[in-house]
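Descriptive structure summary
Spelled out from the first residue to the last, the chains are:
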Amino acid sequence: KNRYTEKPKDAITALQFTANYDYLRNVDVEQFAKLIEEGHAWRACLHKREDTFKESNATKTYTLAMDFDDVETPPSEYIEQARLSGIEPNILYYSYSHQPDSGKYRFRLVWCLQEAISAKDARDKLLALMHFFPDADKSCKNPSRLWFATKLPVEIINEYPTLTSSFGGVEMSYKMDEGMT
């Protein structure tokens, strides 16, 4: 299958394969990575209605994602930091705008969750992950955002879905630092 070589320019090309719960539930990490590698855009959250993808319409998700733009640290260091904290991501992929020879990295880390969490819980976990990864793009805290795929191969880091309880330490650290406990 041919894949996109650049970010799609119109919304019609953005296939949203997460709209059907039964299909989503049956996609494993390897299949999800393949869909991204084929150029499929995706949304982490399921929505109450299919005519709007606003965060207020989001219900639940099986994925979390972090976006890193123009960072000098290679993805492997973020992955190792996460692994040592018990939250090893499942998928690494580079964004369309990544330039391998630039000395900077543009990529996404994706966690495929073993069980669904609410959109509110996803937002809380994303805020905690942004605290854990200070270089992550702070504008990506909306769990219902549209994620574009890649023109480069996708790397599966961990084929087993992540337990949501694995994020407890990262969430507690964030809450303590923010004076929420």
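Above this text is the structure in question.
Presented here is an overview of the structure given in this document. Note that the coordinates shown come from a computational prediction; the quantities given were computed from them, not determined experimentally.

A few words now on the side chain of N158. Mapped onto the secondary structure, N158 falls in the loop between β7 (155-156) and α5 (168-177). Using a relative accessible area of 17% as the deciding quantity, one classes N158 as buried. Polar contacts involving the side chain of N158 include one to the main-chain amide nitrogen of Y160, which spans 3.0 Å. Here N158 is in contact with V29, E88, P89 and N90, once residues within four sequence places are set aside.

To continue, consider the packing of aromatic side chains. Scanning the entire structure with this criterion turns up 11 aromatic pairs. Their ring planes at 80° and their centres at 5.6 Å tell us that F68 and F133 sit as a pair that is edge-to-face. Of this pair, F68 sits in strand β3 (residues 58-71) while F133 sits in the loop between α4 (119-132) and β6 (146-147), and the two are 65 residues apart along the sequence. In this structure F68 comes out as buried when scored by relative accessible area, which is 0%. Look at F133 and you get buried, because its relative accessible area is 0%. Ring centres of Y94 and F107 lie 6.5 Å apart, and the angle between their planes is 65°; this geometry places the pair in the edge-to-face category. With Y94 in strand β4 (residues 91-94) and F107 in strand β5 (residues 105-118), the pair connects residues that are 13 residues apart, well separated along the chain.

What counts as what
Residues numbered from 1 in each chain as written. Predicted model: local features only at pLDDT ≥ 70, side-chain atom pairs only at ≥ 80, totals over all residues. Heavy atoms only, no water. Helix = DSSP H or I, 4+ residues; strand = E, 2+ residues; numbered from the N terminus. Buried < 20%, exposed > 50% of the residue type's maximum accessible area, 1.4 Å probe, protein only. Polar contact = N/O pair within 3.5 Å; in protein donor to acceptor, adjacent residues only side chain to side chain. Contact = heavy atoms within 4.5 Å. Phe/Tyr/Trp six-rings, centres within 6.5 Å; stacked < 30°, edge-to-face > 60°.

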